[in-house]
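What follows is each chain in one-letter form.
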Amino acid sequence: YLEAWQQEATTGVPPPGLFGGGCAAVHESLLWYGGHDGNSWFGTLHQLNTTTLNWEELHQCTPQGPMAKSGCGLSSFHGNKAALFGGYGIPTGPTQPRSTFTRDTRFSDGRGWTNEFHLFDLQEGVWSSPPTTGSRPPPCSDFSFTAIDSHRGVLFGGYSPGRGWMNDVHIINLQTMHWTKVDKSGGGPWPVGRVDHAACCLNY
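Keep in mind that what you see is a predicted model, and the values were worked out from it rather than measured. (Residues numbered from 1 in each chain as written. Predicted model: local features only at pLDDT ≥ 70, side-chain atom pairs only at ≥ 80, totals over all residues. Heavy atoms only, no water.)

### Remarks on the overall build of the protein
Then comes step 1: Looking only at helices and strands, one finds 0 helices and 18 strands in the protein.
Then comes step 2: For the protein, the C-alpha radius of gyration of 17 Å lies close to 17 Å, the compact-globule estimate for 204 residues.
Then comes step 3: Summarising its shape, the C-alpha atoms of the protein cover approximately 50 × 45 × 35 Å along the three principal directions.
Then comes step 4: Considering only intrachain contacts with a sequence separation of at least 6, the fraction spanning at least 24 residues in the protein is 50%.
Then comes step 5: Carbon and sulfur atoms form 53% of the exposed surface of the protein, whose accessible area is close to 11,000 Å². (Helix = DSSP H or I, 4+ residues; strand = E, 2+ residues; numbered from the N terminus. Rg over C-alpha atoms; globule rule 2.2 N^0.38 Å. Contact = heavy atoms within 4.5 Å. Areas by Shrake-Rupley, 256 points an atom, 1.4 Å probe, with all protein chains shown as cover.)

Put into structure tokens, the structure is as follows:
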């Protein structure tokens with residue numbers, strides 16, 4: 001293993017310099033969605049093949065897909081699907097059915113928080129908007145969204161207007177498309193509310 005960072009040249013169509021996007025590993029590739037460049041939000045999906053170091057733009061921002069945003073969560077499942085949740089940005093189309101958009105009234109450009117949920121099929125190259133049941137998280141951003149097995153993802157923390165920094169735990173089951181909110185009364189130390197943190201799954 002290398003014990004030092006090194007910079008590698010890449011080819012293809014990379015995303016511009018962005019922060020706050022969602023990133024997920026799929027086999028030998030990395031997926032990147034959205035982000036902000038200091039002036040605007042983006043809603044494109046890019047893929048980096050870590051073997052060839054070639055970037056590819058998989059999908060552009062459209063009114064039928066996720067909104068342009070940052071502070072969102074992206075995780076991969078089954079090796080052929082990526083799930084995208086939440087974030088903060090500007091809508092690029094109508095609000096997704098069964099989701100909520102909360103406008104940030106401090107600004108006049110229509111920006112705000114969402115709890116929209118989308119799936120991207122890596123084989124078909126399309127976004128879908130599956131209906132979900134259960135306790136969907138509120139509109140929020142800057143949380144962690146981590147796959148814990150082939151069909152379940154855990155969302156923790158983040159910022160939601162009216163609530164501030166959250167410490168809720170929600171689990172999405174992609175087989176049943178059902179959200180479950182974990183009961184905090186189960187005992188043990190519970191993390192404080194937070195944003196812009198990191199989480200990972202340890203498989204023993």
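### Side note on the sheet that holds strand β14 (residues 152-156)
Then comes step 1: As summarised here, the arrangement of the 5 strands in space is β12-β18-β17-β14-β13, forming an open sheet in which the pairing is mixed. Looking at strand neighbours, the two that pair on one side only are β12 (133-134) and β13 (144-147), the edges of this open sheet.
Then comes step 2: Across 4 bridges, the pairing between β13 and β14 is antiparallel. Note that in β14 the partner of T146 across the bridge is V154. (Pairing = 2+ DSSP bridges.)

### Looking at the sheet that holds strand β2 (residues 22-26)
Then comes step 1: Spatially, the 5 strands line up as an open sheet ordered β1-β5-β4-β3-β2, and their pairing is mixed. Of all the strands in the sheet, just β1 (11-12) and β2 have a single pairing partner and so form its edges.
Then comes step 2: Judged from the 5 bridges that link them, β2 and strand β3 (residues 29-36) form a sheet pairing that is antiparallel. Residue G22 lies in a different strand from β3, and its bridge partner there is Y33.

### Here we look at the packing of aromatic side chains
Then comes step 1: Counted under the stated rule, the structure contains 8 aromatic pairs.
Then comes step 2: Through a chain of ring-to-ring contacts, three or more aromatic side chains come together here, namely W41, Y88, W113 and Y159.
Then comes step 3: Over the ring of F107 we find R111, and its NZ or CZ is 3.9 Å from the ring centre. (Phe/Tyr/Trp six-rings, centres within 6.5 Å; stacked < 30°, edge-to-face > 60°. Lys NZ or Arg CZ within 6 Å of the ring centre and 35° of its normal.)

### Here we look at the pairing of β3
Then comes step 1: Of all 8 residues in β3, 7 are buried; the element is thus mostly enclosed.
Then comes step 2: In this antiparallel pair of consecutive strands, β2 and β3, the connection spans 2 residues, and H27 shows a positive phi of 55°.
Then comes step 3: Here β3 pairs with strand β4 (residues 41-49) via 7 bridges, running antiparallel. Residue pairing in the sheet places L31 in a bridge with Q47 of β4.
Then comes step 4: Connecting β3 to the antiparallel partner β4 that follows it, the hairpin turn spans 4 residues, and G38 within it adopts a positive phi of roughly 100°. (Buried < 20%, exposed > 50% of the residue type's maximum accessible area, 1.4 Å probe, protein only.)

### Some points on the pairing of strand β10 (residues 112-121)
Then comes step 1: For β10, the buried fraction is high: 10 of the 10 residues fall into the buried class.
Then comes step 2: In this sheet, β10 lies alongside strand β8 (residues 81-90) in antiparallel orientation, the contact comprising 8 bridges. Looking across to β10, one finds that A83 is bridged to L119.
Then comes step 3: Note that strand β9 (residues 101-103) and β10 share 3 bridges and pair antiparallel. Note that in β10 the partner of T102 across the bridge is W113.
Then comes step 4: In this structure, β10 lies alongside strand β11 (residues 126-128), joined through 3 bridges in antiparallel fashion. Bridge pairing links D121 to V126 in β11.

### Looking at the environment of P14
Then comes step 1: Checked against the element boundaries, P14 lands in the loop between β1 and β2.
Then comes step 2: In sequence terms P14 and W55 are 41 residues apart; their C-alpha atoms lie 5.1 Å from each other.
Then comes step 3: The contacts of P14, once residues within four sequence positions are left out, are H46 and W55.

### Notes on the pattern of salt bridges
Then comes step 1: Scanning all chains against the criterion turns up 8 salt bridges.
Then comes step 2: Measuring nitrogen to oxygen at the nearest pair gives 2.7 Å for the salt bridge that ties R106 to D104.
Then comes step 3: Of the residues examined, R106 reaches a relative accessible area of 63% and is grouped as exposed.
Then comes step 4: Of the residues examined, D104 reaches a relative accessible area of 3% and is grouped as buried.
Then comes step 5: For D149, the salt bridge goes to R152, with nearest N and O atoms at 2.8 Å. (Salt bridge = Lys/Arg side-chain N within 4 Å of Asp/Glu carboxyl O.)

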